[in-house]
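Listed here are the chains, written in short residue letters.
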Amino acid sequence: MFALLPPLSLYVHLPWCGKKCPYCDFNSHAARASDIPEAAYLQALERDLRQNLHAVQGRRLGSIFFGGGTPSLFSAAAIGRIIGLARRHIGLVDDAEITLEANPDSADAARFAGYRRAGVNRLSIGVQSFADRRLVALGRLHSAAQARRAYHLARRAGFDNINLDLMFGLPGQDLAGVRADLEQAIALRPEHLSWYELTIEPNTAFYRVPPARADADALADMAEMGLALLAEHGFQRYETSAFAVAGRQCRHNLNYWRFGDYLGIGAGAQGKHSERVSGAIIRQAKTRHPQHYMDRIGSYVAHRQRVSGRELLGDYMLGALRLIDGVPLRDAAMHTRLSPAALLQACQPAMERGLLKVAGEQLRPTEPGTRLLNLCLQTFL
């Protein structure tokens, strides 16, 4: 039984994009904007949202995140309708953070202004690189000039909270190229940067035909240089690949990492909620294919799991150990249903390897633990 339920967020998955990138393993499907069945998908989203209302349990939403795919292929009216449904059926806290992912190739002044009027107050722009040849290698549809233009359009539309997505370790990229990308991103003065190494995931074009990339030592040099450069310019690293100026951390993602609850609606969306009376932690995933999702009669849930025991420990650590400052030991014990002594015993192998430590009352990864996060997580999975 929960005396106090965790905060609640909403994730909305909009699965279409202009082109499937060769590194992308997300549930996304290439389509022209004119071919997206916006009205039918909105109807399915509303039915899906209604089916999730039992998990709200009196709470209001602290954040909404529109992810994809490319959510900026949807009209401002559609985004506004979804926000309105969430406000009407659930309710939003007064300062709710509402983020929408956008690609530079789908950016225009009217569209961005419409999103802002609809209630979106945080924009995440998928730049990836400011070098045109790197963008071509990544299969992106935009140019560096379009990325800069999208950023300035967002500012003119009234967005004062912007994230830029940027990757390093790209095909053919060297240390100077990584620095140039970061310097151009920093010069724009966004509030937030998501900066992470390109990873080759199964079921992607890059996995089938891997591109030529820098070796492990060169990648480590890129990471070291980038971390120092971001810190020098006032970007605080608060999560493995997230950097923000003071007070601009992504509240939606922090809720994930701190084991908050979130409803997930849309094709393939995932959610996690806590049941007040039984004390159960439930994870569920929705029907993946967009057409099957829209055609669905009855429940949209494709998979449902009650998380407990060792799985609960691993589930919690999967998010908590991404946080640079870690989590309070008492919170970790409460969420994993372990006594502090039992939790420390479970952490002992990682602590002996120098990957995890307890500093005061805070359980946190060490610098090697953050750098070797997957190795650290293996202790709990």
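Because the structure is predicted, anything quoted here is derived from the model rather than measured.

Student: Help me understand the pairing of strand E11 (residues 261–265), please; the structure alone is not making it clear to me.
Tutor: If a strand is regular, its side chains alternate between the two faces of the sheet. The buried count for E11 comes to five of five residues, which makes it a mostly enclosed element. A two-sided burial pattern is seen for E11, the buried positions comprising Asp261, Leu263 and Ile265 on one face and Tyr262 and Gly264 on the other. Sheet topology places strand E1 (residues 8–14) next to E11; five bridges connect them, and they run parallel. Looking at E11, one finds that Leu10 is bridged to Leu263.

Student: Looking at this model, I keep getting lost on the sheet that holds strand E17 (residues 362–365). Mind explaining?
Tutor: The strands that make up a sheet pair up through hydrogen bonds in the backbone, lying either parallel or antiparallel. Within the open sheet, the three strands sit side by side as E15-E17-E16. Their pairing is antiparallel. Each end of this open sheet is capped by a strand with a single partner; those strands are strand E15 (327–328) and strand E16 (356–359). On the sheet, helix H13 (residues 340–352) packs against E16 and E17 and is oriented at approximately 120° with respect to E16.

Student: Teacher, can you tell me more about the side chain of Asn27 here?
Tutor: Along the chain, the position of Asn27 falls in the loop between strand E2 (16–17) and strand E3 (29–30). On the accessibility criterion, Asn27 (9% relative accessible area) is buried. The residues touching Asn27, leaving out its near neighbours within four places in the chain, are His13, Pro15, Ala267, Gly268 and Arg288.

Student: Honestly, helix H8 (residues 216–232) in this entry has me stumped. Any pointers?
Tutor: Owing to its 3.6 residues per turn, the α-helix brings residues three or four apart onto one side. Between its first and last C-alpha, H8 extends 24 Å over 17 residues, near the 24 Å set by a 1.5 Å rise per residue. Taken residue by residue, H8 has Leu219, Met222, Met225, Gly226, Leu229 and Leu230 as its buried positions. One side of H8 holds all its buried residues, which, seen down the axis, span an arc of 130°. Facing away from the buried surface of H8 by more than 90 degrees, the exposed residues are Ala216, Asp217, Glu224 and Glu232. Buried-residue contacts for H8 involve strand E7 (162–168), helix H6 (175–188), strand E8 (192–197) and strand E10 (242–244). The distance from a side-chain oxygen at the start of H8 to the backbone nitrogen of Asp217 is 3.3 Å, and the residue carrying that oxygen is Asp215.

Student: Got a minute to help me understand the packing of aromatic side chains in this structure?
Tutor: The description of two aromatic rings rests on the distance between their centres and on the angle between their planes. The final tally for this structure, using the stated rule, is twelve aromatic pairs. For the pair Phe112 and Tyr115, a centre-to-centre distance of 6.4 Å together with 40° between the ring planes defines the contact as tilted. Here Phe112 and its partner Tyr115 are both found in helix H3 (residues 109–118), three residues apart, which amounts to about one turn of the helix. Across this residue pair, the class does not change: Phe112 and Tyr115 are buried.

Student: Mind showing me how you'd approach the packing of helix H12 (residues 329–336) against H13 here?
Tutor: Think of two packed helices as two axes; the pair is described by the angle between the axes and how far apart they sit. Where H12 meets H13, the closest approach of the two axes is 9 Å, and the angle between their N-to-C directions is 95°. When the axis of H12 is compared with that of H13, the two are roughly perpendicular. Residues Leu329, Ala332, Ala333 and Thr336 of H12 touch H13, and the partners they reach there are Pro340, Leu343 and Leu344. Here the residues of the contact of H12 with H13 sort into six nonpolar, one polar and no charged.

Student: Help me understand the nonpolar core, please; the structure alone is not making it clear to me.
Tutor: Generally speaking, soluble globular proteins have nonpolar side chains that are buried together. Membership of the largest hydrophobic core comes to 72 residues, with the highest contact counts inside it found for Phe66 and Phe112. Element by element, the count of residues in this core is highest for helix H2 (residues 76–89), at seven residues. Excluding residues that lie within four positions of it along the chain, Phe66 makes contacts with Val12, Leu14, Pro71, Ile79, Ile82, Ile83, Ile98, Thr99, Leu100 and Glu101. By size, the runner-up hydrophobic cluster in this structure holds 31 residues, among which are Val307, Ala332, Ala350 and Phe380.

Student: What am I meant to see in the pattern of salt bridges here?
Tutor: Pairing between side chains of opposite charge can happen when their charged atoms approach one another. A complete count under the given rule lists 16 salt bridges for this structure. Residues Arg364 and Asp325 are paired through a salt bridge, measuring 3.3 Å at the closest nitrogen-oxygen approach. You can see Arg364 sitting in strand E17 and its partner Asp325 sitting in the loop between helix H11 (309–320) and E15, a full 39 residues away along the chain. Judged by its relative accessible area of 24%, Arg364 falls in the partly exposed class.

Student: So what exactly am I meant to see when it comes to unusual backbone geometry here?
Tutor: Across the chain, the bulk of peptide bonds are trans and the bulk of non-glycine residues have phi less than zero. Going from Gly68 to Gly69, the amide bond is cis rather than trans, its omega being 20°. Tracing the sequence through the fold places Gly69 in the loop between strand E4 (61–68) and H2. Positioned with a positive phi, Arg337 is a non-glycine residue whose angle comes to about 60°. Within the element layout of this structure, Arg337 appears in the loop between H12 and H13.

Student: Explain the packing of H2 against H3 to me, please; I cannot follow it from the model alone.
Tutor: Between H2 and H3, the least distance of the axes is 8 Å, while the angle of their chain directions is 15°. With respect to H3, the axis of H2 lies roughly parallel. Read as a crossing pair, H2 and H3 show a hand that is right-handed. Counted together, Ala76, Ile79, Gly80 and Ile83 of H2 and Arg111, Gly114, Tyr115 and Ala118 of H3 form the full contact between these two elements. Considering only residue class, the contact of H2 with H3 consists of five nonpolar, two polar and one charged.

Procedures and definitions
- Residues numbered from 1 in each chain as written.
- Predicted model: local features only at pLDDT ≥ 70, side-chain atom pairs only at ≥ 80, totals over all residues.
- Heavy atoms only, no water.
- Buried < 20%, exposed > 50% of the residue type's maximum accessible area, 1.4 Å probe, protein only.
- Helix = DSSP H or I, 4+ residues; strand = E, 2+ residues; numbered from the N terminus.
- Pairing = 2+ DSSP bridges.
- Contact = heavy atoms within 4.5 Å.
- Axes fitted to C-alpha atoms, helices over the stretch in contact; angles between N-to-C directions.
- Expected span 1.5 Å × (residues − 1).
- Arc of directions from axis to C-beta.
- Polar contact = N/O pair within 3.5 Å; in protein donor to acceptor, adjacent residues only side chain to side chain.
- Phe/Tyr/Trp six-rings, centres within 6.5 Å; stacked < 30°, edge-to-face > 60°.
- Parallel < 35°, antiparallel > 145°, perpendicular 65-115°, else oblique.
- Nonpolar A, V, L, I, M, F, W, Y, C, P; charged D, E, K, R; others polar.
- Core = buried A, V, L, I, M, F, W, Y, C linked by side-chain atoms within 4.5 Å.
- Salt bridge = Lys/Arg side-chain N within 4 Å of Asp/Glu carboxyl O.
- Left-handed = near helix turned anticlockwise from the far one by under 90°.

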